[in-house]
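Breakdown of the fold
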Amino acid sequence: MKYSSIPVAQSVVLLCLEKGINHIVISPGSRNAPLTIGFTHHPEMKTYSVVDERSAAFFALGIAQQIQKPVALVCSSGSAVLNYYPAISEAFYSDIPLVVISADRPIERIDIGDGQTIRQRNVFENHILYSANLYSEYVPDSTLTDPKLIQKQREATKHNQQEINKALNEALSGQGPVHINVPFYEPLYNTTEEKLVNPIIVEEPVKSMELTEDYLQPFVKKWNTAKRKLVIVGVLHPNTIEQQFLDTLGEDPSVLVFTETTSNLHHPNFFTRIDNIIGSLDDNGFKNLQPELLVTIGGMIISKKIKAFLREYQPDQHWHIDPKKAYDTFFCLNKHFKVPVNYFWNQFLPQTSSVASDYQKEWLAVRTQRDLKHQEYIQNMGWCDFKAFDRILSRLRHCSQLQLGNSSTVRYVQLFDIDKTLKVFCNRGTSGIDGSTSTAVGAAVGSAMPTTLITGDLSFFYDSNALWNAHLPKDFKIIVVNNSGGGIFRILPGDKTSQAFENYFETVHNLDASHLCKMYGLAYFSAENESELAEAQDAFYAENDRPCLLEIKTPRIENDQVLLGYFKYLR
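These remarks concern the structure in this document. None of these values were measured; they are calculated from a predicted model.

With that settled, the discussion passes to the overall build of the protein chain. When you go through the protein chain residue by residue, the secondary structure sums to 20 helices and 19 strands. For 571 residues, the compact-globule formula gives about 25 Å, and the C-alpha radius of gyration of the protein chain, at 26 Å, lands near that figure. By its C-alpha atoms, the protein chain is 85 × 65 × 45 Å across when sized along the principal axes. Here the protein chain holds 571 residues, and the buried ones make up 55% of them. A fraction of 77% describes how many contacts in the protein chain between residues 6 or more apart in sequence connect residues 24 or more apart. Approximately 24300 Å² of the protein chain is accessible, and the part contributed by carbon and sulfur atoms is 50%. Of note, the protein chain has its 54 positive side-chain charges centred 2 Å away from the centre of its 64 negative side-chain charges.

Time to look at the pairing of strand 4 (residues 71-75). Among the five residues of strand 4, five are classified as buried, and the element is accordingly described as predominantly covered. Burial along strand 4 is two-sided: the face carrying Val 71, Leu 73 and Cys 75 and the face carrying Ala 72 and Val 74 are both buried. Where strand 4 and strand 5 (residues 98-104) come together, five bridges link them in parallel fashion. In the sheet register, Ala 72 faces strand 5, and the bridge partner there is Val 99. Read from strand 4 through helix 4 (residues 85-94) to strand 5, the crossover connection turns out right-handed.

Evaluated as defined, the whole model comprises 15 salt bridges. In this structure, the salt-bridge partner of Arg 54 is Asp 463, at a minimum N-O distance of 3.3 Å. Of this pair, Arg 54 sits in helix 3 (residues 53-67) while Asp 463 sits in the loop between helix 16 (457-462) and strand 17 (477-482), and the two are 409 residues apart along the sequence. Both residues of the pair, Arg 54 and Asp 463, belong to the buried class. In this structure, the salt-bridge partner of Lys 325 is Asp 95, at a minimum N-O distance of 3.0 Å.

This next bit is on the sheet that holds strand 14 (residues 401-404). Spatially, 15-14-16-17-19-18 is the arrangement adopted by the six strands of the open sheet, whose pairing is parallel. With one partner strand each, in any of the chains shown, strand 15 (423-426) and strand 18 (523-527) form the two edges of the open sheet. With strand direction ignored, the average angle separating the axes of adjacent strands in the sheet is 20 degrees. Looking at chain direction, strand 18 and strand 19 (residues 548-553) are connected through five bridges and run parallel. Following the sheet pairing, Ala 523 is matched in strand 19 by Cys 548.

As a further point, take a nonpolar patch on the surface. On the surface, Phe 489, Leu 492, Tyr 504 and Phe 505 cluster together into a nonpolar patch covering about 430 Å² of accessible area. Considering the arrangement of structural elements, one finds Leu 492 in the loop between strand 17 and helix 17 (499-504). Using a relative accessible area of 35% as the deciding quantity, one classes Leu 492 as partly exposed.

In space, the five strands of this open sheet follow the order 10-9-11-12-13, with parallel pairing throughout. At either end of the open sheet lies a strand with only one pairing partner, and these are strand 10 (255-259) and strand 13 (335-337). For this sheet, the mean inter-axis angle between neighbouring strands, taken without regard to orientation, is 20 degrees. Where strand 9 (residues 229-233) meets strand 11 (residues 293-297), five bridges bridge the pair, whose relative direction is parallel. By the bridge assignment for strand 11, Val 231 is matched with Val 295. Of the strands in this sheet, strand 11, strand 12 (317-321) and strand 13 touch helix 11 (residues 341-348), which is tilted by about 125 degrees from strand 12.

Bringing the packing of aromatic side chains into the picture now. The description of an aromatic ring pair rests on the distance of the ring centres and on the angle between the ring planes. Tallied over the full model, the rule gives 31 aromatic pairs. Sitting over the face of the ring of Phe 567, Lys 305 holds its NZ or CZ atom 4.5 Å from the ring centroid. When the ring centre of Phe 271 is taken as origin, the NZ or CZ atom of Arg 367, which lies over that ring, is 5.5 Å away.

This part is about the packing of helix 3 against helix 4. Interhelical geometry of helix 3 versus helix 4 gives an angle of 25 degrees and a closest axis separation of 7 Å. Judged by the angle between their axes, helix 3 and helix 4 are roughly parallel. Facing Arg 54, Ala 57, Phe 58 and Leu 61 of helix 3, the residues of helix 4 in contact are Pro 86, Ala 87, Glu 90 and Ala 91. Broken down by class, the residue content of the contact of helix 3 with helix 4 amounts to six nonpolar, no polar and two charged.

Rules used in this analysis
- Residues numbered from 1 in each chain as written.
- Predicted model: local features only at pLDDT ≥ 70, side-chain atom pairs only at ≥ 80, totals over all residues.
- Heavy atoms only, no water.
- Helix = DSSP H or I, 4+ residues; strand = E, 2+ residues; numbered from the N terminus.
- Rg over C-alpha atoms; globule rule 2.2 N^0.38 Å.
- Buried < 20%, exposed > 50% of the residue type's maximum accessible area, 1.4 Å probe, protein only.
- Contact = heavy atoms within 4.5 Å.
- Areas by Shrake-Rupley, 256 points an atom, 1.4 Å probe, with all protein chains shown as cover.
- Lys, Arg positive; Asp, Glu negative; His and termini not counted.
- Charge placed at Lys NZ, Arg CZ, Asp CG, Glu CD.
- Pairing = 2+ DSSP bridges.
- Right-handed = clockwise from strand over helix to strand, strands pointing away.
- Salt bridge = Lys/Arg side-chain N within 4 Å of Asp/Glu carboxyl O.
- Axes fitted to C-alpha atoms, helices over the stretch in contact; angles between N-to-C directions.
- Patch = residues over 30% accessible without salt bridge, like charges linked within 9 Å, V, L, I, M, F, W, Y side chains within 5 Å.
- Phe/Tyr/Trp six-rings, centres within 6.5 Å; stacked < 30°, edge-to-face > 60°.
- Lys NZ or Arg CZ within 6 Å of the ring centre and 35° of its normal.
- Parallel < 35°, antiparallel > 145°, perpendicular 65-115°, else oblique.
- Nonpolar A, V, L, I, M, F, W, Y, C, P; charged D, E, K, R; others polar.

Below you can see the structure in the form of structure tokens.
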């Protein structure tokens, strides 16, 4: 088998393999040649070539999101590594493990005027779990004989192997991004058939956990006496929480469980559309909903309305359950159970008892009323974004994966009770529009499931290099809702009539996706009204020999009034 002749490059490849990291996304370059040679020639490595580093990083994030283990990114030196930053920050806040392996020049070549050279050490410092800055390992032309040089070489090698172990272990145990910066001396392309290193293997630290009955007793007492308990679930991977615990919570009359589209949890008594419930409440309604005890689970919460509600109508207690971190989203957090969620419920629920309460019953009645109003409003609306989403969501493939763009897209989907066989994902760590398509492509590759991305026009055009990828599955489908600009800004306060608003906020355009589809070989379908959409969907879902894109054009002006009118109608 062919190896790079540079020992540190071999150490990186062999330790990745030892830790089970075998999905490698490589962007072309020269300085990273020793790494590219090592990864691409190893039969147990699955390698992908993606030219645009920003897109490559989101592609890797999508794969890692699905396989739930680290994916490695490999790039050249210079500005290449900086293009990873948007995806690194998303991985940091979404707890998705990525391993950035950047090639670099030796430290004495930094800041002296060499090309393609920047200060790469600790470049992701604020959004990284660990930064491993390796030493350059000089490869002499002949065998070293000086004992001091041999010792220095051995120490550099051992240091590098320890640092690589630390970084990879942190990605695995901490479930987040790490950075390994590897400076290389030239020559870069020399190879050998010989394995030059046998790197030390440092095992992951074992994290112990224990919630004893005595420890939990004060919290059990609070739970058993609270007649209004609210459980809110943010972003979760499908099947994260055991159904037995969901059933117990769903059948407790004193508990409301609010979930979001990205929670991937289901029970008949759960409230899946938070904004439909609270979006039209007055002060009395909020007071009736105000919980005594709030329990939060999972990652980021999308609904701005639930955040505003709980920041004003605060619970007596707020507990968060997560083995890694807890955000004080509502400014009232007073307990972080730093354990896996299933372990917590397994230890906690057997000690609890039911309390007489009409909390759930009353709000289930409100939900029923809201559902009827929801259907009435949709039936009477004209062609707009809202109507388009209603039609889109009614035709998605069962038992498939749904990837959502940010901004308006995910918020519209939150208003619907979607197919419960879908697995739903969205980049909510930083909530950016910049990498949704690239992430969806990676997720489709990582899951091997039929995958549909629903996205807005600005997000799609921003990330159009996602289609410059040889790994797009044939059954990958994109739905672009094109309302000719950033329509979400029409919902926000401010003057909507000025030229400045159109240019600098809404960013009005007349683009369509047809030419991009032609360039990248995607089948293209379009619709501009409800009847055209029904016809286009038939053809769109029948095409499975190549990736497809369905562009749905909606009016630019009306959408904000339809959405604002929706919450008024629910009252």
